[in-house]
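# Descriptive structure summary
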Amino acid sequence: PEAGLKGLDAFTLRYRVRWPLSLIISMKSLTKYQLIFRHLFYCKHVEAELYKAWLNQQTMKELNVGSAFHRSHILRQRML
């Protein structure tokens, strides 16, 4: 895989503040909202990835092949 910018890293929220709101909302506060938005968006991505991992673990548990993946299950439990 390339080491370039991924879609998740490049995803941003842009908002154009028009007058009279531009008198109240500054570029500094918009930048803070942007950082908060990116952080929450990334948290949602991590949540989805953890859900996929959990779903995968449940599938493996039903197939009784859990002993082959025991170390990965322990690691996942530590991450939760």
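Residues numbered from 1 in each chain as written. Predicted model: local features only at pLDDT ≥ 70, side-chain atom pairs only at ≥ 80, totals over all residues. Heavy atoms only, no water.

This part covers the overall build of the protein. Counting its regular elements, the protein contains three helices and zero strands. Going through the 80 residues of the protein one by one, you find that 8% of them count as buried. Accessible area of the protein: about 7600 Å², with a carbon and sulfur share of 63%. (Helix = DSSP H or I, 4+ residues; strand = E, 2+ residues; numbered from the N terminus. Buried < 20%, exposed > 50% of the residue type's maximum accessible area, 1.4 Å probe, protein only. Areas by Shrake-Rupley, 256 points an atom, 1.4 Å probe, with all protein chains shown as cover.)

Turning to the packing of aromatic side chains, a few remarks are in order. In the structure shown here, the tally under the stated rule is two aromatic pairs. Relative to Phe41, the ring of Phe37 lies with its centre 6.1 Å away and its plane at 20°, an arrangement referred to as stacked. Of the two residues, Phe37 and Phe41 are both situated in helix 2 (residues 27–62); the distance of four residues between them amounts to about one turn of the helix. The class of Phe41 is partly exposed, set by a relative accessible area of 31%. (Phe/Tyr/Trp six-rings, centres within 6.5 Å; stacked < 30°, edge-to-face > 60°.)

Enumeration according to the criterion identifies two salt bridges in this entry. The partner of Glu47 in a salt bridge is Lys44, with the nearest N and O atoms 3.0 Å apart. One end of the pair, Glu47, and the other, Lys44, are both in helix 2, three residues apart, so they sit about a helical turn from each other. Since its relative accessible area comes to 44%, Glu47 is described here as partly exposed. With its nearest N and O atoms 3.1 Å apart, the salt bridge here joins Lys52 to Glu49. (Salt bridge = Lys/Arg side-chain N within 4 Å of Asp/Glu carboxyl O.)

Nonpolar side chains collect at one region of the surface, where Tyr15, Trp19, Leu21, Leu23 and Ile24 lie side by side and expose about 680 Å² of accessible area between them. Judged by relative accessible area, which is 42%, Leu21 ranks as partly exposed. (Patch = residues over 30% accessible without salt bridge, like charges linked within 9 Å, V, L, I, M, F, W, Y side chains within 5 Å.)

Moving on to the confidence of the model for the protein. Overall, the prediction assigns the protein a mean pLDDT of 81, with 86% of residues at 70 or greater. Mean pLDDT per element in the protein: helix 1 (residues 7–10) is the minimum at 74, and helix 2 is the maximum at 88. (pLDDT = per-residue confidence, 0-100.)

Turning our eyes to something else, we now look at the environment of Arg16. Looking at where Arg16 falls in the secondary structure, it is placed in the loop between helix 1 and helix 2. Along the primary structure Arg16 and Met27 are separated by eleven residues, whereas in three dimensions their C-alpha atoms are 10.0 Å apart.

Let us now look at helix 2. An α-helical turn contains 3.6 residues, so a residue and the one three or four places further along point in the same direction. When the terminal C-alpha atoms of helix 2 are compared, their 53 Å separation across 36 residues agrees well with the 52 Å that a helix rising 1.5 Å per residue should span. Along helix 2, the residues classified as buried are Leu30, Gln34 and Gln57. Of the surrounding elements, those touching the buried residues of helix 2 are helix 3 (70–79). (Expected span 1.5 Å × (residues − 1). Contact = heavy atoms within 4.5 Å.)

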